[in-house]
There are 2 protein chains.
Amino acid sequence: MLLTSEKLELELKAKLFRGFSDTSRLSILEALRGKPLNVGEIVAATGLSQSNISNHLGCLRDCGLVISEQRGRYTYYRLADDRIDSLLRLVEEVLADVAKGVYQCTRYEFPEGANNGE
Amino acid sequence: MLLTSEKLELELKAKLFRGFSDTSRLSILEALRGKPLNVGEIVAATGLSQSNISNHLGCLRDCGLVISEQRGRYTYYRLADDRIDSLLRLVEEVLADVAKGVYQCTRYEFPEGANNGE
DNA sequence: CTATTATATCATTGAGTGCTGATATAGTGA
DNA sequence: TCACTATATCAGCACTCAATGATATAATAG
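Residues numbered from 1 in each chain as written. Chains lettered and ligands numbered in written order. Predicted model: local features only at pLDDT ≥ 70, side-chain atom pairs only at ≥ 80, totals over all residues.

Talk me through the overall build of chain A; I want residue IDs and the actual numbers.
The helix and strand tally for chain A stands at 5 helices and 3 strands. Ordered by position in the sequence, the α and β elements of chain A form the string α-α-β-α-α-β-β-α. Within chain A, buried positions represent 35% of all 118 residues. Within chain A, contacts between residues at least 6 apart in sequence are counted, and of these 53% link residues at least 24 apart. (Helix = DSSP H or I, 4+ residues; strand = E, 2+ residues; numbered from the N terminus. Buried ≥ 20, exposed ≤ 12 C-beta atoms within 10 Å, placed from the backbone. Contact = placed C-beta atoms within 7 Å.)

Here is the structure:
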């Protein structure tokens, strides 16, 4: 039904979206929308554990969504592309309209109290 | 670290992205970019099984990404919002630049032969 | 060199979730 | 009504993957 090249692009697209589809990664990306941060600053901004952050950053970097830069013993991360910010903004717009539906979607519930660093 | 309302919006955003983060759902959405289709047509277009399609359609509908409309014994589905098309297009653009990185990201591999209706 | 701080890696565990096959529901025509 | 087609639902399995805690690496300070 799908040619191989189309199937490949589909997988790439899904993979890219998957980078955004987790609250931890999303909060990392949100934190980086302002300015580049090092890992410690991201930990402080999100309240997630260091190893968790580091794992997600590894994925985000591999997937090309963020870029890392060593400065002394700190590693600074920033969004890899301005359009990532556009993408997040566009989703916020769409969300404003479909929020009710998304909120009522009980198919894939978020676990109670997960990702809760407060 | 995050206020409750911010945390909620984060979860909604992640949930919305998750709608796009699966090759099956993505190929359904791609199929619907052209024109509204009924379930049988979507099955033909994607090569996925009927029950699989139906499950994903249920999720996409609950999440507000598609809208369903009964016509006789057929159920037609269409994209819920023009910006969903914009979103997909924007991702294609970003993908063109970061594709290499995404392709090389081996952290979350797609299973061999999965979603392979050909 | 040694201690300390910053970040990365890895194994494990447990929850999430995509797929299938069987079955149920519902609309249509004879 | 009965047969047929279109779609939805559900249980179960297999696989994915996020989180943790322990450990490793690396940079700097003293």
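From this point, things continue past the structure.
How would you explain the packing of helix 2 (residues 23-34) of chain B against helix 4 (residues 50-62) of chain B if you had to name every residue and give the values?
All names here are of chain B. One way to put it is that helix 2 packs onto helix 4 with a least axis distance of 10 Å and a crossing angle of 75 degrees. By the angle between their axes, helix 2 is roughly perpendicular relative to helix 4. In contact with Ser24, Arg25 and Ile28 of helix 2, helix 4 contributes Asn52, Ile53, His56, Leu57 and Leu60. (Axes fitted to C-alpha atoms, helices over the stretch in contact; angles between N-to-C directions. Parallel < 35°, antiparallel > 145°, perpendicular 65-115°, else oblique.)

Tell me about the protein's contact with DNA strand D, and name the residues and values.
Taken together, 25 residues sit near DNA strand D, with A:Ser51, A:Gly72, B:Asn38, B:Gly40 and B:Ser51 positioned nearest. Contributions of two or more residues to the surface near DNA strand D are made by helix 4 (50-62) of chain A together with helix 3 (39-46), helix 4 and strand 3 (74-79) of chain B. Counting residues per element, the surface near DNA strand D draws most heavily on helix 4 of chain B, at 6 residues. Residues belonging to the surface near DNA strand D are distributed by class as follows: 6 nonpolar, 16 polar and 3 charged. (Near = placed C-beta within 6 Å. Nonpolar A, V, L, I, M, F, W, Y, C, P; charged D, E, K, R; others polar.)

Describe the pairing of strand 3 of chain B, listing the residues and the values that go with them.
Residue and element names in this part refer to chain B. Here strand 1 (residues 37-38) runs beside strand 3; their pairing, made up of 2 bridges, is antiparallel. Across the sheet, the residue bridging to leucine 37 is tyrosine 77, located in strand 3. Here strand 2 (residues 66-71) pairs with strand 3 via 6 bridges, running antiparallel. Residue pairing in the sheet places glutamate 69 in a bridge with tyrosine 76 of strand 3. (Pairing = 2+ DSSP bridges.)

How would you explain the protein's contact with DNA strand C if you had to name every residue and give the values?
The immediate surroundings of DNA strand C are formed by 25 residues, with A:Asn38, A:Gly40, A:Ser51, B:Ser51 and B:Gly72 found nearest. By residue number, the principal contributor to the surface near DNA strand C is helix 4 of chain A, which donates 6 residues. Partitioned by chemical class, the residues of the surface near DNA strand C number 6 nonpolar, 16 polar and 3 charged.

Describe helix 3 of chain B, with residues and values.
Residue and element names in this part refer to chain B. For helix 3, the complete set of buried residues consists of Ile42, Val43 and Thr46. Projected onto a plane normal to the axis of helix 3, the buried residues spread over an arc of 105 degrees and lie on a single side. On the buried face of helix 3, the contacting elements are helix 2, strand 1, helix 4 and strand 3. Trailing helix 3 by a residue or two, glycine 47 shows a phi angle of about 80 degrees, which is positive. (Arc of directions from axis to C-beta.)

How would you explain the sheet that holds strand 1 (residues 37-38) of chain A if you had to name every residue and give the values?
All names here are of chain A. Strands sit in the order 1-3-2 across an open sheet of 3 strands; the sheet is antiparallel. At either margin of the open sheet sits one strand with a lone partner, and together these are strand 1 and strand 2 (66-71). Seen against the sheet, helix 2 (residues 23-34) touches strand 1, strand 2 and strand 3 (74-79) and runs at an angle of roughly 90 degrees to strand 3.

How would you explain the sheet that holds strand 1 of chain B if you had to name every residue and give the values?
Think of a sheet as strands paired side by side through backbone hydrogen bonds, with each pair either parallel or antiparallel. Strand order across the open sheet formed by 3 strands is 1-3-2 (chain B), with antiparallel pairing between neighbours. Among the strands making up the open sheet, the edge pair consists of strand 1 and strand 2 of chain B.

Quick one: what's the story with the packing of helix 3 (residues 39-46) of chain A against helix 4 of chain A, residue by residue and with numbers?
Residues and elements named next belong to chain A. Relative to each other, helix 3 and helix 4 sit at 115 degrees, their axes nearing to 10 Å. Between helix 3 and helix 4, the angle falls in the class roughly perpendicular. The interaxial crossing formed by helix 3 with helix 4 has right-handed handedness. For the pair formed by helix 3 and helix 4, the contact residues are Val39, Ile42, Val43 and Thr46 on the first element and Gln50, Ile53, Ser54 and Leu57 on the second. Residues that form the contact of helix 3 with helix 4 fall into these classes: 5 nonpolar, 3 polar and no charged. (Left-handed = near helix turned anticlockwise from the far one by under 90°.)

That's the geometry; what it means functionally is another story.
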